Structures are given as structure tokens and as C-alpha cells.
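Residue-level structural notes
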Amino acid sequence: FVTGFAIKFANDNDANKIVISRRCIAKLVRYAREYSPCECGSWLSGKYLSGKTCVILDIAKVPCDSTHGRGSFCRGVAGFESVGDNFVGEWHTHPGGTGLPSRTDDVTMERLRGCHLRGCTSPIMIILSGAMRGEEMSIFIFTIVTDDA
């Protein structure tokens, strides 16, 4: 649902929630349009609250050492230290494509879950898809929920 300042995404039984502000969504859209028609991405900064609720606090800018292509990208590492202990996952774009995760996205999520990067055991992936220069874009949010989250 949408509130005045944030959008909440929840699964069917409302047990897992992700809250993201309109400001963070605006940053995602701005970065997607800046790099379109190429893919781009970076990290999500946030906090896990009680239960299985995560609030996205910020969207990291695209690292300057990233490489970009129309069908893939390789996220760099420059600036990762700025995320600190607030790492909760990654975001990227699928310009002109679907928001469904690719096999590479699935592998990335499993890698993130397995390494517990910065203590994150339930990583989140946000994928923006659609016409990056047009009015309509879709935001797809995926997470891997673990019992130790």
C-alpha cells in the first residue's frame, strides 16, 4: 500500500515487509534513466526492524568502476564502504526487459545470502524494468527469507 511518504510491499501472508520511501524510488528512477539503455545497479542501505520488516533508507549511487551493457552490467566496488553496516541488498535495472530475475540474479541472491555480507541474512533485490525513458516502469522486489533473519 502507499502512504504519504512510503510504499510498503508485503508477501501474501503479510509476514515479510519492505518499506521504501518515495525519495528512494525517485533515486532509483533517476539512476535508471541516467544509464539507459544500459543496465546499472548498486547497493541498498536499510535497517531490519522487529519481525521480518526492512526499511530501505537509501539507494547507493552507481559505483564509478562499474561496467554497463544493454543486457548486463558488472557492479563495481567503489564507494561500498559508505553503506556501512546498513547493507540489505542490491538494486539494478533491466531496461526494456522484464523485472523477473535472471539466472545471474538468482545466483547473486544465493551468494549474498550465503556470505552474510555485513550481517545481512535476508538480502533484498530490487529490479526496475520497462521503458526507462518513458512514463512507465515496473519495480520488482525479491527477497530470500531465512529462519535466522
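Residues numbered from 1 in each chain as written. Predicted model: local features only at pLDDT ≥ 70, side-chain atom pairs only at ≥ 80, totals over all residues. Heavy atoms only, no water.

Describing the packing of aromatic side chains
We apply this condition: Two rings from Phe, Tyr or Trp (for Trp, the six-membered ring) form a pair when their centres sit within 6.5 Å of each other. Planes less than 30 degrees apart are called stacked, planes more than 60 degrees apart edge-to-face, and all others tilted. In DSSP terms, a helix is any run of H or I states spanning at least four residues, a strand is any run of E spanning at least two, and both are numbered starting from the N terminus. We call a residue buried when its accessible area falls under 20% of the maximum for its residue type, exposed when it is over 50%, and partly exposed in between, using a 1.4 Å probe and counting protein chains only. Counting as a charge over the ring demands two things of the Lys NZ or Arg CZ atom: a distance within 6 Å of the ring centre and an angle within 35 degrees of the ring normal.
Summed over the entire model, instances satisfying the criterion amount to three aromatic pairs. With a centroid separation of 5.9 Å and an interplanar angle of 15°, the aromatic rings of Y31 and W91 are classed as stacked. Taken together, the positions of Y31 in helix α1 (residues 22-35) and W91 in strand β7 (residues 87-95) put the pair 60 residues apart, joining distant regions of the chain. Note on Y31: relative accessible area 10%, which makes it buried. Linked through ring pairs, W43, F80 and F87 together constitute an aromatic cluster. Above the ring of Y31, the side-chain terminus of R30 is found at 5.2 Å from the ring centroid.

Overview of the pairing of β7
Formally: Pairs of strands are assigned from DSSP output, requiring at least two bridges between the strands.
The element β7 is extensively covered by neighbouring structure, given that nine of its nine residues are classed as buried. Here strand β3 (residues 41-48) pairs with β7 via five bridges, running antiparallel. Looking across to β7, one finds that G41 is bridged to H92. Looking at chain direction, β7 and strand β8 (residues 124-130) are connected through seven bridges and run parallel. Bridging across to β8, T93 finds its partner in L128.

Some points on the nonpolar core
Our working rule: Residue types Ala, Val, Leu, Ile, Met, Phe, Trp, Tyr and Cys, when buried and joined through side-chain atoms within 4.5 Å, form a set referred to as a nonpolar core.
Ranked by size, the top nonpolar core spans 19 residues in total, and within it I20, L44, I56, I59, W91 and I126 carry the most contacts. Looking at this core, the elements with two or more residues in it are β2 (16-21), α1, β4 (52-59), β7 and β8. At five residues, α1 tops the list of elements feeding residues into this core. Counting residues in each nonpolar core, the second largest holds seven residues, with W43, F80, V83 and F87 among its members.

Things to note about the pattern of salt bridges
Working definition: two side chains of opposite charge can pair if their charged atoms are close together. Worth spelling out the cut-off: Salt bridge, as used here: a side-chain nitrogen of Lys or Arg that lies within 4 Å of a carboxyl oxygen of Asp or Glu.
Enumeration over the complete set of coordinates arrives at three salt bridges. K27 is the partner of D58 in a salt bridge, and the nearest nitrogen-oxygen pair spans 2.6 Å. Of this pair, D58 sits in strand β4 while K27 sits in helix α1, placing them 31 residues apart in sequence. The exposure class of K27 is buried, given its relative accessible area of 16%. The salt bridge involving R75 is made with E90; its shortest N-O contact spans 2.6 Å. Of the two residues, R75 is situated in the loop between β6 (73-74) and β7 and E90 in strand β7; the sequence distance between them amounts to 15 residues. In this structure, a network of salt bridges that share partners links the residues R23, K27 and D58.

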